[in-house]
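Structural description and commentary
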Amino acid sequence: MVSKILLVIFLLLKLVASSDHEIIFNGFTGANLSLNGLAQITSGGLLMLTNNTKEGQGHAFHPALLHFKNSSNGKPLSFDTTFVFAIRPEYPDVSGHGLAFALSPSKELPGAMPSQHLGLFNTTDIGNPIDHIFAIELDTVMTVEFYDINDNHVGIDINSLISVNPSPVAYFDSKSGRFKSLKLISGDPMQVWIEYNGMDMQLDVTISPSNVPKPDIPLVSSKVDLSSILLDDMYAGFSASTGSATGYHYILGWSFSLNGNAQPLDLSKLPPLPYQEHTKNISHLLTIALPLVAAVLLLLSIAVIFFVQRKRKKYRELVEDWELEFGPHRFPYKDLFKATKGFREENLLGFGGFGQVYKGVLPTSATEVAVKKISHESRQGMREFVAEIVSMGRLRHRNLVQLLGYCRREGELLLVYEYMPNGSLDKFLFHGEQPALTWSQRFQIIKDVSSGLHYLHEGWEQVVIHRDIKASNVLLDGEFNGKLGDFGLARLYCRGANPQTTHIVGTLGYLAPEISMTGKATTSSDVYAFGAFLLEVACGRRPIESDPSIEVPGLVEWVLGCWKMGTILEARDPKLGSDYVVKEMELVLKLGLLCSHPDPTARPSMRQVVQSLEGDAPLPPISVDALIPSTSTQRYDECFDDFVISYPSIYDHTSTTYSSPFVSGGR
Ligand SMILES: *[C@@H]1O[C@H](CO)[C@@H](O)[C@H](O)[C@H]1NC(C)=O
Ligand SMILES: *[C@@H]1O[C@H](CO)[C@@H](O)[C@H](O)[C@H]1NC(C)=O
Ligand SMILES: *[C@@H]1O[C@H](CO)[C@@H](O)[C@H](O)[C@H]1NC(C)=O
Ligand SMILES: *[C@@H]1O[C@H](CO)[C@@H](O)[C@H](O)[C@H]1NC(C)=O
């Protein structure tokens, strides 16, 4: 019995003896290790190679030299080692610089440098054959100078930090049959197996989470000839370093065997890692990051407020309580600003008597619009005016330019109209650059305008007086249909406008003579202006010449003269040649004269005009003598209470007030 026990003891001793050297630490409490630099054994039994000191390094080696060579043939012996480690980064996602299992001729590694040198080498001795350093590195920083593949790799270091066969950290998962990646700086414990077979020079490195058994397939498997690297006697142990990025490098347990299998670690006996290290790190991070984040947020909100205020100012509108009922007809200024590209000059269609007109495309609906920008300093009468404008927005007639809505800012009123692609009629009549309109086009436009004006006078719930009928206020759509524009705008200046401002309302040559007496616009004064318009279109001339130095008779006098001589058709626009319908031309010229009757009661109504033009009723009889214009005796130097008169002779060549609000092209 005793001999049996002795035999077992003997066999056990023999077994132990069969391995040249065995090292096993399931935790490091009381371990006989050679520590150096930052390395220390914690009270909990962890081997802590580095704490979070920057630019630090720590070494921990078995205190005795180990014999690594077969003394009979000088070849490297096999060795087998396994250890459990954990890297706890100072801040999540960044930790420096990594740790390594190392075989070294020195356990202090004098002259070695921290950070990317991992406490194993320095800048001058990399690749030096006299170093005799072999290491398996677990590198957590990508160092370009050593051609690191990433910041999370395993590499074989032979006298150099330029690793042989580096691999991103991963372990073979037998269930899925694939490698699964691992993050070295996750803070979780992981186990590494390093096996070197001295006979066939095979080196295998395997890694896995510590709760996963050793994977069947190693991560790294390389043929490595260590015969010139390994000395007869070497120290085995660990090195770790920190740089500007730091972290805690822990070894929890270590088993090593020369020329034999390393004893498995007893994972249950390994010391626990410090708890809540992460939280502390996060709170640490927060103490640094929070003030920074707060500062950035503060700056950001200041910028936003600044921006919003600037934007607000840029897009500031004037809205009063009374306008709320017009809500649907109000356009946000921002939309109009965007539609007209900030009222850019290239969008300017022209200057009307009331202000600039811009072409725009509404951002919301992609509708083409014309935006009329009217400067209006006086807020007096604005309420009535806007009410009227908006109510006129309800006017719907195919021969009226549709008002879509409005917007109001300080000193500025914006009216949004449908866009008329062919602009105003006057440029086709008086400006040579446009092709002359054919008679049938002209006659159609005349009928269109008469129809529109008839609707204003009689077709709606209240009588609307246009007040400024003339060729430049007739706009043409894509098919050259005529539409009356600008109706009602004159009202803006009839009520409370500053008489000193030279806004143009009504145009000389279109103004009925009785207006100079009464100052009042009526439907018959509109008819008078319409008469002037008829003659304009038929004769291709303005009612009175804009240059007073040219002594020509007024249009009415001239047509009347032709009629008296029995050659009324001679008054027609010479550009038409013989391309016109005699009956229609005669009708238009005579109707024009009739509408221009100095006596308002003698003028036809728009209903009669429309009927005549449509051929539904004959032209009322006209006495030629009664038509003698009395305009030559009229004076316009009075200042009317609520009316401002334009003098084309003054404005036409000095400013653009006389030109069409919808002039397009050329810009
Ligand atoms: C890190 O360890 C070194 C050496 O043990 C010690 O002097 C230093 O105070 C430690 N630093 C921190 C931040 O714990
Ligand atoms: C530690 O190990 C070395 C080498 O094996 C030995 O010389 C030394 O006496 C040991 N120290 C202790 C405290 O056991
Ligand atoms: C050492 O080498 C000799 C000769 O090649 C061989 O017989 C012996 O088994 C080797 N020893 C070990 C421990 O590998
Ligand atoms: C590099 O390390 C070697 C020893 O390994 C040492 O002799 C040398 O002085 C060191 N060089 C520097 C620049 O520290």
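Residues numbered from 1 in each chain as written. Chains lettered and ligands numbered in written order. Predicted model: local features only at pLDDT ≥ 70, side-chain atom pairs only at ≥ 80, totals over all residues. Heavy atoms only, no water.

**As for the overall build of the protein chain**
When helices and strands are counted, the protein chain shows 13 helices and 25 strands. For the protein chain, the residues scored as buried account for 53% of the 667 residues in total. (Helix = DSSP H or I, 4+ residues; strand = E, 2+ residues; numbered from the N terminus. Buried < 20%, exposed > 50% of the residue type's maximum accessible area, 1.4 Å probe, protein only.)

**Regarding the site of ligand 2**
Taken together, the neighbourhood of ligand 2 is formed by N32, P63 and A64. N32 places a side-chain nitrogen or oxygen 2.2 Å from an oxygen atom of ligand 2. Protein chains shield 28% of the accessible area of ligand 2, which is 360 Å² for the free molecule. (Near = heavy atom within 4 Å. Polar contact = N/O pair within 3.5 Å; in protein donor to acceptor, adjacent residues only side chain to side chain. Areas by Shrake-Rupley, 256 points an atom, 1.4 Å probe, with all protein chains shown as cover.)

**Some words on the nonpolar core**
Counting 55 residues, the largest nonpolar core has L425, F530, F533, V559, L589 and L593 as the members making the most contacts within it. If one sorts the elements of this core by residue count, helix α9 (residues 523-539) sits on top with 10 residues. Apart from the residues lying within four places of it in its own chain, the contact partners of F530 are I446, V449, S450, L453, I469, C595, M606 and V609. Among the nonpolar cores identified, the runner-up in size contains 51 residues, and I23, F134, V205 and I251 belong to it. (Core = buried A, V, L, I, M, F, W, Y, C linked by side-chain atoms within 4.5 Å. Contact = heavy atoms within 4.5 Å.)

**Some words on the site of ligand 1**
Around ligand 1 sit L38, Q40, N51, N52 and T53, and that is every residue in its neighbourhood. One of the side-chain nitrogen or oxygen atoms of Q40 is found 3.0 Å away from an oxygen atom of ligand 1. Out of a free accessible area of 360 Å², ligand 1 has 40% covered by protein chains. Its residues placed into classes, the shell around ligand 1 shows one nonpolar, four polar and no charged. (Nonpolar A, V, L, I, M, F, W, Y, C, P; charged D, E, K, R; others polar.)

**Quick look at unusual backbone geometry**
The residue after G96, namely H97, is reached through a cis peptide bond having omega -10°. Turning to its location among the elements, H97 is positioned in the loop between β7 (79-89) and β8 (98-104). Positive phi, close to 55°, is recorded for N159, a residue that is not glycine. Structurally, the position occupied by N159 is in the loop between β10 (153-158) and β11 (164-168).

**Quick notes on the packing of helix α10 (residues 555-564) against helix α11 (residues 582-595)**
Packed helices, taken two at a time, are described by the angle between their axes plus the distance between the axes. With their axes 10 Å apart at the nearest point, α10 and α11 run at an angle of 125° to one another. Classed by the angle they form, the pair α10 and α11 counts as oblique. Regarding α10 and α11, the two cross each other, and that crossing is left-handed. Contacts between α10 and α11 involve V556, V559, L560 and W563 from the former and L589, K590 and L593 from the latter. (Axes fitted to C-alpha atoms, helices over the stretch in contact; angles between N-to-C directions. Parallel < 35°, antiparallel > 145°, perpendicular 65-115°, else oblique. Left-handed = near helix turned anticlockwise from the far one by under 90°.)

**A look at the pattern of salt bridges**
Inspection of the entire model under this criterion finds 12 salt bridges. A salt bridge links R442 to D573, with the shortest nitrogen-to-oxygen separation between them at 2.9 Å. In this pair, R442 is assigned in helix α6 (residues 439-459) and D573 in the loop between α10 and α11, connecting sequence segments 131 residues apart. Between D468 and K470 there is a salt bridge; the shortest N-O distance is 3.8 Å. (Salt bridge = Lys/Arg side-chain N within 4 Å of Asp/Glu carboxyl O.)

**Observations regarding the packing of α9 against α11**
Orientation of α9 relative to α11, taken along the N-to-C sense of each, is 145°, at an axis distance of 7 Å. The chirality of how α9 crosses α11 is left-handed. Touching V527, Y528, F530, G531, L534, L535, A538 and C539 of α9 are M585, V588, L589, L591, G592, L593 and C595, all from α11. Its residues assigned to classes, the contact of α9 with α11 shows 13 nonpolar, two polar and no charged.

**Some points on the environment of A102**
Relative to the elements of secondary structure, A102 occurs in strand β8. As for A102 and H59, which are separated by 43 residues in sequence, their C-alpha atoms are 9.6 Å apart. Apart from residues no more than four positions distant in its own chain, A102 is found in contact with F61, L120, F134, A135, Y235, A236 and G237.

**Focus on the confidence of the model for the protein chain**
On average, the protein chain scores 81 in pLDDT, and the residues at 70 or more come to 79%. Note on residues 6-18: pLDDT is under 50 here. Beyond four places in sequence and across chains, it has one contact. Below a pLDDT of 50 lies the segment residues 631-667, which in the model reaches 87 contacts outside its immediate sequence neighbourhood of four places, other chains included. (pLDDT = per-residue confidence, 0-100.)

**Some points on the packing of aromatic side chains**
Applying the stated criterion across every chain yields a total of 24 aromatic pairs. Ring geometry for Y333 versus F337: centroids 6.0 Å apart, planes at 50°, classification tilted. You can see Y333 and its partner F337 sitting in helix α3 (residues 333-339), four residues apart, about one turn around the helix. On the basis of relative accessibility, which here comes to 3%, the residue Y333 falls in the buried class. (Phe/Tyr/Trp six-rings, centres within 6.5 Å; stacked < 30°, edge-to-face > 60°.)

**Re α9**
In an α-helix, one turn spans 3.6 residues, which is why side chains three or four residues apart end up on the same side. A rise of 1.5 Å per residue sets the reference length of α9, with its 17 residues, at 24 Å; its end C-alpha atoms lie 24 Å apart and thus fit the reference within 8%. Within α9, 16 of the 17 residues are buried, which leaves the element mostly enclosed by the surrounding structure. The N-cap of α9, judged by a side-chain oxygen 3.3 Å from the amide nitrogen of S524 a few residues on, is T522. G540 lies just past α9 and shows a positive phi near 65°. (Expected span 1.5 Å × (residues − 1).)

**Some words on the environment of K359**
Among the structural elements, K359 can be located in strand β20 (residues 355-361). Between the C-alpha atom of K359 and that of T340, which follows or precedes it by 19 residues, the distance is 6.1 Å. Sequence-distant contacts of K359, that is, excluding residues within four places in its chain, are made with A339, T340, N347, L349, E368, V369 and Y419. In this structure the side chain of K359 is engaged in a polar contact, spanning 3.0 Å, whose partner is the side chain of E368.

**Observations concerning a positive patch on the surface**
A contiguous patch of positive charge on the surface is contributed by R310, K314, K334 and K338. When residues of the positive patch are traced back to their parent elements, those giving at least two are α2 (277-314) and α3. Residue placement: K314 occurs in helix α2. Since its relative accessible area comes to 38%, K314 is described here as partly exposed. (Patch = residues over 30% accessible without salt bridge, like charges linked within 9 Å, V, L, I, M, F, W, Y side chains within 5 Å. Lys, Arg positive; Asp, Glu negative; His and termini not counted. Charge placed at Lys NZ, Arg CZ, Asp CG, Glu CD.)

**Some remarks on the side chain of D335**
Relative to the helices and strands, D335 resides in helix α3. Here D335 occupies a buried position and makes no salt bridge, while the nearest side chain of opposite charge, K338, is found at 6.1 Å. With near-sequence residues (within four places) excluded, D335 lies in contact with P363 and T364.

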